[in-house]
Amino acid sequence: MKAVSYLAPNWLDYYQTIAQAIGRSLRCEVEFRACDRDPLEDLQAVDLAFICGLPFIRYCRIAPERLIAIAAPVMQAERYQSRPIYFSDMVVRADRSFQTFSDLAGTVVCYNDPGSNSGYYLLRHRLIKEHCSSHFFKNAIQSGSHQRSIRWVIEGKADCAAIDSTVLEQELRIHPELAHQIQIVESSPPCPMPPIVIAQQFGQIDQVRSVLLHPDAELQAAMARMKVDRYEIVNTRDYDAIAQLYDEVIHSPFSQL
């Protein structure tokens, strides 16, 4: 089984643990790797992927039904409402006076990747909502990762960044000293959690789902460390909302960073 993570590096060990649990259950060899390439260029040879909902639905438009979503995590924290959702948190330095999104006009924003839902497209959709021109931000710079975006905000290289809430929470667990250095100005509406997807020709879909829905002791321990409450069955149609948001953004004149 070829398993790939396209998600944040600070979750990488956890995704590897999941891949290993699936390998144990199916009694198959697992080749796990992280990939920083565009998923649309890489997914053809993948059996199992941990992926953001946006590149997943974009890939489905290129290769319909090759990959299907099978499950997504439900986080423990109350803000997640016992649902497989996440938020995009707009962060600034704690010592800055920004209180609202409007206060960020004329500032420098950084984003992790131009293919990211949480770091890029949700932010562009926010500009549409405000009917902002393409000159709302003074400048927009690509950092390469959510973790680097957080550091750039703290270091003053950028004034603000939109960060996946689950990535931000994990980064603060690893580096609790960062908590007093940033603040969240606002959060996006809830979005469908990044799914685990599988190639239909791989088969054994029910068995893979069972590993996630009924985790063994090792996977349960990893879930507890990452504050994952459980996994919930999802399907590809659950990501239609992200597809709609993407279409609105790419067809709007009010969304450029």
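Refer to the structure above for everything that follows.
Below: a short report on this structure. From a predicted model like this one, the values you see are computed outputs, not experimental measurements.

1. Observations regarding the nonpolar core
Judged by nonpolar contacts, the single largest core of 67 residues is most densely connected at Tyr14, Ile18, Leu48, Phe56, Ile70 and Tyr231. With residues up to four places along the chain from it excluded, the contact list for phenylalanine 56 reads Ile51, Leu67, Ile68, Ala69, Pro195, Val197, Thr236 and Tyr239. Within the second largest apolar cluster, 14 residues are counted, among which are Val92, Phe137, Cys160 and Ala162.

2. Digging into the sheet that holds strand 6 (residues 88-93)
Taking strand neighbours across the sheet as the criterion, the 5 strands line up as 8-7-9-6-10 in an open arrangement whose pairing is mixed. At either end of the open sheet lies a strand with only one pairing partner, and these are strand 8 (139-142) and strand 10 (182-187). The sheet shows a mean angle of 30 degrees between the axes of neighbouring strands, direction not considered. Of the pairings in the sheet, the one linking strand 6 to strand 9 (residues 160-164) comprises 5 bridges and is antiparallel in character. By the bridge assignment, aspartate 89 is partnered in strand 9 with isoleucine 163. Across the sheet, helix 4 (residues 146-155) lies against strand 6, strand 7 (108-111), strand 8, strand 9 and strand 10, angled at about 150 degrees from strand 9, the strand it touches most. Here helix 5 (residues 165-174) sits on the sheet in contact with strand 6, strand 9 and strand 10, set at roughly 95 degrees to strand 9.

3. A look at the pairing of strand 9
Both faces of the sheet carry side chains from a regular strand, because those side chains alternate between them. Counting buried positions along strand 9 gives 5 out of 5 residues, so the element sits mostly inside the fold. The alternating pattern of strand 9 places Cys160, Ala162 and Asp164 and Ala161 and Ile163 on opposite faces, both of which are buried. Sheet analysis places strand 7 next to strand 9, joined by 2 bridges and oriented parallel. Across the sheet, the residue bridging to valine 109 is cysteine 160, located in strand 9.

4. Topic: the environment of proline 190
Tracing the sequence through the fold places proline 190 in the loop between strand 10 and strand 11 (191-192). Taking relative accessible area as the criterion, proline 190 reaches 38% and is therefore assigned partly exposed. In this structure, the C-alpha to C-alpha distance between proline 190 and aspartate 47, residues 143 residues apart in sequence, is 28 Å.

5. Let's talk about the pairing of strand 2 (residues 31-34)
Judged from the 4 bridges that link them, strand 1 (residues 2-5) and strand 2 form a sheet pairing that is parallel. Of the residues in strand 2, the one forming a bridge with alanine 3 is phenylalanine 32.

6. Considerations on the packing of helix 4 against helix 5
Relative orientation and spacing of two packed helices are given, respectively, by the angle between their axes and the distance between those axes. In the contact formed by helix 4 and helix 5, the axes pass within 10 Å of each other and the chain directions differ by 70 degrees. Relative to helix 5, the element helix 4 is oriented roughly perpendicular. Here the hand of the crossing between helix 4 and helix 5 comes out right-handed. Taking contact as the criterion, the partners of His146, Gln147, Ile150 and Arg151 in helix 4 are, on helix 5, Val167, Leu168 and Glu171. Tallied by class, the residues present in the contact of helix 4 with helix 5 amount to 3 nonpolar, 2 polar and 2 charged.

7. Details of the packing of aromatic side chains
Scanning all chains against the criterion turns up 13 aromatic pairs. Within the aromatic cluster, the residues linked to one another by ring pairs are Trp11, Tyr14, Tyr15, Phe32 and Phe50. If you follow arginine 126 out to its NZ or CZ, it ends over the ring of phenylalanine 101, 4.4 Å from the centre.

8. Topic: the sheet that holds strand 13 (residues 228-233)
Across the sheet, 6 strands lie side by side as 2-1-3-12-4-13; this open sheet has mixed pairing. Since the sheet does not close on itself, it has two edges, and those belong to strand 2 and strand 13, each with one partner. Averaged over all neighbouring strand pairs, the angle between strand axes comes to 20 degrees, with direction disregarded. Across 4 bridges, the pairing between strand 4 (residues 67-75) and strand 12 (residues 196-199) is antiparallel. Paired with alanine 69 across the strands is valine 197, a residue of strand 12. Relative to the sheet, helix 1 (residues 12-26) contacts strand 1, strand 2, strand 3 (48-50), strand 12 and strand 13, its axis offset from that of strand 2 by approximately 165 degrees.

Calculation notes
- Residues numbered from 1 in each chain as written.
- Predicted model: local features only at pLDDT ≥ 70, side-chain atom pairs only at ≥ 80, totals over all residues.
- Heavy atoms only, no water.
- Core = buried A, V, L, I, M, F, W, Y, C linked by side-chain atoms within 4.5 Å.
- Buried < 20%, exposed > 50% of the residue type's maximum accessible area, 1.4 Å probe, protein only.
- Contact = heavy atoms within 4.5 Å.
- Pairing = 2+ DSSP bridges.
- Helix = DSSP H or I, 4+ residues; strand = E, 2+ residues; numbered from the N terminus.
- Axes fitted to C-alpha atoms, helices over the stretch in contact; angles between N-to-C directions.
- Parallel < 35°, antiparallel > 145°, perpendicular 65-115°, else oblique.
- Left-handed = near helix turned anticlockwise from the far one by under 90°.
- Nonpolar A, V, L, I, M, F, W, Y, C, P; charged D, E, K, R; others polar.
- Phe/Tyr/Trp six-rings, centres within 6.5 Å; stacked < 30°, edge-to-face > 60°.
- Lys NZ or Arg CZ within 6 Å of the ring centre and 35° of its normal.

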